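Below, each chain spelled out in residue letters.
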Amino acid sequence: MRINKKKFIYLISPNRITKNFYKILNGVLKSDKISFFQMRFKKYSFKKKILIGKKIKQICKKNNVKFIVNDDPILVKILNADGCHLGQTDMNIKDAKKIIGKKIIGITCNNSVKLAKEAIKNKANYIAFGAFFSTKTKKTKYKSKIKTLNKVKKLTNIPIVAIGGITNENYKKLLLNNANFLAISGYIWNNKKYKPTEAIESLI
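In this text the structure is predicted, and so the values were computed from the model without any measurement.

Asker: What is the right way to read the overall build of the chain from this model?
Answerer: Each helix and strand counted, the chain has nine helices and eight strands in total. A compact globule built from 204 residues should have a C-alpha radius of gyration of about 17 Å, and the chain, at 16 Å, falls within 12% of that. Projected onto the principal axes, the alpha-carbon positions of the chain cover approximately 45 × 40 × 30 Å. Scored against the burial criterion, the 204 residues of the chain give a buried share of 50%. Of the contacts formed within the chain by residues at least 6 apart in sequence, a portion of 57% connects residues at least 24 apart. Taking the average place of the 46 positive charges on the side chains of the chain and the average place of its 10 negative ones, the gap between the two points comes to 1 Å.

Take a look at the structure:
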């Protein structure tokens, strides 16, 4: 999977759709800093996710951003999305590959080198670690450390995604320590100081 250092953001959706979301999303993706957009809606029905996903996919395609679906390989197949992100309690990667074939599959590895080795062995396309900083976006069971990124980078060339409480005040530390992409949600969608397009621009 190609790494574009200028497009280092892996943007995750807000927890719910608000008024003008699609227009705002298009404006954010135009920034040319985003490689991936992950649709992550825990409280919406499968049917509603299909309707939302179709609209998001068009916006991603227009802005040359890979469209990733959280947790659900079947939804990936229906939407013909670019890939799927799987947590440790979701479907295993081998079963997911049977459903979506050669599409992108990313795996959450928390703060574990052991889980990373397993994901590498199973040919994940990227591996994600977090949370690095405190976050209100989702409840976090695991706290990750910079040294984990450095250990994992010695094992593989698979892209590494860092997640959890990333802002314009701490993001450079992760990029300087072997994170290829930064998964960001709350700083963009729930920022009290900046609008989403401004928040993206503050990540230089």
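Asker: Is there a simple way to think about the sheet that holds strand β4 (residues 83–86) in this case?
Answerer: Paired through backbone hydrogen bonds, the strands of a sheet run either parallel or antiparallel to each other. Around the barrel, which closes on itself, the eight strands sit in the order β1-β2-β3-β4-β5-β6-β7-β8 with parallel pairing between neighbours. Taking each pair of neighbouring strands and ignoring which way they run, the sheet shows an average axis angle of 25°. Note: β4 against strand β5 (residues 104–108), four bridges, orientation parallel. Counted as the bridge partner of H85 is G106 from β5. The sheet contacts of helix α2 (residues 46–62) involve β2 (34–39) and β3 (66–70), and relative to β2 the element is tilted by about 170°.

Asker: When you look at the packing of aromatic side chains in this model, what are you seeing that I'm missing?
Answerer: The geometry of an aromatic ring pair comes down to the distance between the two centres and the angle between the two planes. A complete count under the given rule lists eight aromatic pairs for this structure. Judged by centre distance (5.4 Å) and plane angle (70°), the rings of F21 and Y22 are edge-to-face. Y22 sits in the partly exposed class, given a relative accessible area of 23%. A centroid spacing of 6.0 Å and a plane angle of 45° characterise the contact between F36 and Y126, whose relative ring orientation is tilted. Here F36 is found in strand β2, whereas its partner Y126 is found in strand β6 (residues 126–130), with 90 residues between them in sequence. The pair F36 / Y126 is uniform in exposure class, with both members buried. The ring of Y44 carries the charged tip of K48 above its face, separated from the ring centre by 4.3 Å.

Asker: Sorry if this is basic, but what is going on with unusual backbone geometry here?
Answerer: Trans peptide bonds make up the majority, and among non-glycine residues the majority have a negative phi. For the bond running from G130 to A131, omega is 10°, close enough to zero to count as cis. Topologically, A131 is positioned in the loop between β6 and α6 (146–153). A positive phi angle is found at N64, which is not glycine, with a value near 55°. By secondary structure assignment, the location of N64 is in the loop between α2 and β3.

Asker: It is not clear to me how the pairing of β6 should be interpreted in this structure. Could you clarify?
Answerer: Note on strand geometry: in a regular strand, side chains alternate between the two faces of the sheet. The buried fraction of β6 amounts to five of the five residues, a majority that puts the element mostly inside the structure. The pairing of β5 with β6 spans three bridges and is classified as parallel. Bridge pairing in β6 links T108 to A128. The parallel pair β5 and β6, bridged by helix α5 (residues 113–121), forms a crossover whose chirality is right-handed. For β6 and strand β7 (residues 160–163), the ladder comprises four bridges, and the chain directions are parallel. Looking at β7, one finds that F129 is bridged to A162.

Asker: Help me out: how do you make sense of the layout of surface pockets in this one?
Answerer: With a probe scaled to a water molecule rolled over the atoms, the places where space remains empty come into view. Roughly 360 Å³ of internal volume is contained in the second largest pocket. Of all the secondary structure elements, the ones that give two or more residues to the lining of the second largest pocket are β2, α2 and β3. Here the lining of the second largest pocket gets three residues from one element, more than from any other, and that element is α2. A per-class count over the lining of the second largest pocket returns seven nonpolar, four polar and six charged.

Asker: What's the story with the pattern of salt bridges in this structure? I'm lost.
Answerer: A side chain of one charge can pair with a side chain of the opposite charge when the charged atoms of the two come close. According to the stated counting rule, one finds four salt bridges in the structure shown. Among the ionic pairs, K7 bridges to D32, the shortest N-O distance being 4.0 Å. Taken as a pair, K7 in the segment before β1 (9–12) and D32 in the loop between α1 (21–29) and β2 lie far apart in primary sequence, 25 residues in all. Ionic pairing is found between K42 and D71, a salt bridge with its closest N-O pair at 2.4 Å. With a gap of 29 residues between them, K42 in the loop between β2 and α2 and D71 in the loop between β3 and α3 (73–79) connect regions that are remote in the sequence.

Procedures and definitions
Residues numbered from 1 in each chain as written. Predicted model: local features only at pLDDT ≥ 70, side-chain atom pairs only at ≥ 80, totals over all residues. Heavy atoms only, no water. Helix = DSSP H or I, 4+ residues; strand = E, 2+ residues; numbered from the N terminus. Rg over C-alpha atoms; globule rule 2.2 N^0.38 Å. Buried < 20%, exposed > 50% of the residue type's maximum accessible area, 1.4 Å probe, protein only. Contact = heavy atoms within 4.5 Å. Lys, Arg positive; Asp, Glu negative; His and termini not counted. Charge placed at Lys NZ, Arg CZ, Asp CG, Glu CD. Pairing = 2+ DSSP bridges. Axes fitted to C-alpha atoms, helices over the stretch in contact; angles between N-to-C directions. Phe/Tyr/Trp six-rings, centres within 6.5 Å; stacked < 30°, edge-to-face > 60°. Lys NZ or Arg CZ within 6 Å of the ring centre and 35° of its normal. Right-handed = clockwise from strand over helix to strand, strands pointing away. 1 Å grid on protein atoms, 1.4 Å probe; cavity = no way out; pocket = protein on both sides within 12 Å on 5 of 7 lines; lining within 4 Å. Points joined across faces, edges and corners; volume = space filled by probe spheres on them. Nonpolar A, V, L, I, M, F, W, Y, C, P; charged D, E, K, R; others polar. Salt bridge = Lys/Arg side-chain N within 4 Å of Asp/Glu carboxyl O.

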